[in-house]
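So the chains spell out like this:
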Amino acid sequence: MSQKNKGILLIITSAFFFALMAMMVRLAGDLPSIEKSFFRNFVAMFFALFSLKKSNIPIKIPKGTLKPLLMRAICGTLGILCNFYAVDHLMLADASILNKLSPFFAILFSFLLLKEKIHPVAACCVFTAFIGSLFVIKPGIGFVTTFPAFIGLLGGLGAGVAYTYVRILGKKGVKGPFIVFFFSAFSCLVTLPYLIFNFHPMSLSQFGFLLLAGLFATGGQFTITAAYTYAPARDISIYDYSQIIFSTILGFIFLGQIPDYLSFIGYGIIILASVAMFLFNQKNPAAE
């Protein structure tokens, strides 16, 4: 198997893991998003710690990286909280596609924070993806569906900003496992007071679903990281949108969810914007 095909297989596997994570979060029931986030990151923290020990990476903050580490952790935590809220109140596929707007937000914030130029084609793709998101959010149709969708959009925004800071940290030489560990530990610490003072008791099955959510999230994180070690983003990133297919199928089989025609239009527009970006990066590697 070629390096590119290995990357494609791994990124599709990652998408499946993240779709399973979202379903486990939904199956965990009416627990607060903060409580779900804590257990998801608690599991990830230990896996990241194991990876640090195995790779002999020191557990200390490199000089001059505290601010971007904190910004990555804050934005990532907000992104997860918003995403979990959306998963609990929307179709799995709707929540997934809104979270998949993060690459477009990453482009926007790379311009704002890193002063990187946005190619006109990339700018058009960002605008097109935003138009697609409106079909999923359906503003004005009803607060019950619009508000969770807006929160889901904020989740994609938070993830996009977090990825921008990951890029900043990567340029400073900070290792990936340490970034994951710092983020997971930070997220657990800021959500712990809520658990202490406002803990919602859970059944054994709910606890099991949350542990599975953490395991699937960790599996998704490791496989997507491995995918990008085999092939560049311009060759494989588009396959990450297979999560929408997995989420639609899982939502239908296990939750009886069927997205409406407006959502499908939105999915199509956002995926078309992603395909356009993918094809542009294929022809212009330097612009990626």
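Predicted model only: the values in this text are computed from it and were never measured. (Residues numbered from 1 in each chain as written. Predicted model: local features only at pLDDT ≥ 70, side-chain atom pairs only at ≥ 80, totals over all residues. Heavy atoms only, no water.)

Brief notes about the nonpolar core
In terms of nonpolar packing, the biggest core is built from 62 residues, with Met21, Ile97, Leu98, Leu101, Phe104 and Tyr241 touching the most fellow members. In terms of residue count, the dominant contributor to this core is helix α1 (residues 3-27) (8 residues). Those residues in contact with Leu98, other than ones at most four positions away along the chain, are Leu90, Ser133, Val136, Ile137, Ala149, Gly152, Leu153 and Gly156. (Core = buried A, V, L, I, M, F, W, Y, C linked by side-chain atoms within 4.5 Å. Buried < 20%, exposed > 50% of the residue type's maximum accessible area, 1.4 Å probe, protein only. Helix = DSSP H or I, 4+ residues; strand = E, 2+ residues; numbered from the N terminus. Contact = heavy atoms within 4.5 Å.)

Quick word on the pattern of salt bridges
Counted by the stated rule, this structure contains 3 salt bridges. Between Lys100 and Asp240 there is a salt bridge; the shortest N-O distance is 2.8 Å. Separated by 140 residues along the polypeptide, Lys100 in the loop between α4 (92-99) and α5 (102-114) and Asp240 in the loop between α10 (233-236) and α11 (242-255) bring together distant segments of the chain. Judged by its relative accessible area of 9%, Lys100 is buried. Its relative accessible area of 12% is what places Asp240 among the buried residues. Residue Asp260 is joined to Lys138 by a salt bridge in which the shortest nitrogen-to-oxygen separation is 3.5 Å. Here Asp260 is found in the loop between α11 and α12 (261-283), whereas its partner Lys138 is found in the loop between α6 (120-137) and α7 (143-171), with 122 residues between them in sequence. With a relative accessible area of 33%, Asp260 lands in the partly exposed category. (Salt bridge = Lys/Arg side-chain N within 4 Å of Asp/Glu carboxyl O.)

Notes on the packing of α4 against α11
Here α4 crosses α11 at 160°, and the two axes come no closer than 8 Å. Classified by the angle between their axes, α4 and α11 sit roughly antiparallel to one another. Seen from above, α4 lies across α11 with right-handed handedness. The segment α4 lies against α11, with Leu92, Ala93, Ser96 and Ile97 engaging Gln243, Ile244, Ser247, Thr248, Gly251 and Leu255. (Axes fitted to C-alpha atoms, helices over the stretch in contact; angles between N-to-C directions. Parallel < 35°, antiparallel > 145°, perpendicular 65-115°, else oblique. Left-handed = near helix turned anticlockwise from the far one by under 90°.)

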